[in-house]
Amino acid sequence: IITVILGFLLGNKIIAIVKNPQEFREWVNDLGILGKFIMIGISAFQIIVAVMPGEPIEILCGALFGTWGGLFVCLLGSVIASAFVFCISRKLGMPLFNKLFGEKMKRFRFLNDSNQIESVTFFLFFIPGTPKDPLTYLAGVSPIKLSRFLLISTIARIPSIVTSTFVGANVQNGNFAQSAVMFLVTAAVGIICIRFKENLLQFCKALGKKKAQ
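Residues numbered from 1 in each chain as written. Predicted model: local features only at pLDDT ≥ 70, side-chain atom pairs only at ≥ 80, totals over all residues. Heavy atoms only, no water.

*Asks:* Kindly report on the packing of helix H4 (residues 55-92) against helix H5 (residues 94-101), identifying the contributing residues and their values.
*Replies:* When two helices pack together, you describe them by how their axes are tilted relative to each other and by the distance separating the axes. Remark: H4 packs on H5, axes separated minimally by 6 Å, with the N-to-C direction vectors making an angle of 115°. Classified by the interaxial angle, the pair formed by H4 and H5 is roughly perpendicular. Contacts between H4 and H5 involve Ile88, Ser89 and Leu92 from the first element and Met94, Pro95 and Leu96 from the second. (Axes fitted to C-alpha atoms, helices over the stretch in contact; angles between N-to-C directions. Helix = DSSP H or I, 4+ residues; strand = E, 2+ residues; numbered from the N terminus. Parallel < 35°, antiparallel > 145°, perpendicular 65-115°, else oblique. Contact = heavy atoms within 4.5 Å.)

Rendered as structure tokens:
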């Protein structure tokens, strides 16, 4: 229902991004504070849906509001969505998580039994290539507290978001060389992390292993 409503309200403007990014930017700027709220809502919606990639939205926020303004918008949307998802997941429990993700997230369930859950949460949200939005649902059924989860996950998301908003801001300003360099560096780090993802997960498991009773 939310997707349909957003489609009616923003469909033409989303198409305008592809046809004329400058026109879309002017439209958002003309809306003033409402434009920021719209992008915060889109950023939050992407996390709640979980299967939608976040990088294009982060790049768009960078193009609209600059590197640091885009970071603020994305982080605020992230906090709102993460709190909502965490509370829903905590209320409905593992059955909700299993229905949404099933076996796809089985390898991350060690988070539930982690003794060093805060450290493990930080690394999982910091490492490129991990499914951060589904992990928000899993965090809701873990022992971590909401306030600690929001603080840790928000800080851990910053480097990834900054690289995306930086690319968006520089593309908008015509600094394609800087955007290309940042994109290549980010892609290289992402490829390395994906290549050694199993090793990184084993490290997280070892870090969060319960102490012997």
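*Asks:* Before we move on, could you go through the packing of aromatic side chains and cite the residues and values that matter?
*Replies:* Applying the stated criterion to the full structure yields four aromatic pairs. The interplanar angle of 25° and the centroid separation of 5.4 Å between the aromatic rings of Phe86 and Phe149 together place this pair among those described as stacked. Taken together, the residues Phe86 in helix H4 and Phe149 in helix H8 (residues 146-172) connect sequence positions 63 residues apart. A single burial state applies to Phe86 and to Phe149, both of which are buried. (Phe/Tyr/Trp six-rings, centres within 6.5 Å; stacked < 30°, edge-to-face > 60°. Buried < 20%, exposed > 50% of the residue type's maximum accessible area, 1.4 Å probe, protein only.)

*Asks:* Lay out the pattern of salt bridges with the relevant residues and their values.
*Replies:* As a working rule, side chains carrying opposite charge can pair if their charged atoms are close by. Per the stated rule, a full pass over the model turns up two salt bridges. When the shortest N-O distance is used, the salt bridge between Arg148 and Glu118 registers 3.0 Å. One end of the pair, Arg148, is in helix H8; the other, Glu118, is in helix H6 (residues 117-126), and 30 residues separate them in sequence. Taking relative accessible area as the criterion, Glu118 reaches 30% and is therefore assigned partly exposed. (Salt bridge = Lys/Arg side-chain N within 4 Å of Asp/Glu carboxyl O.)

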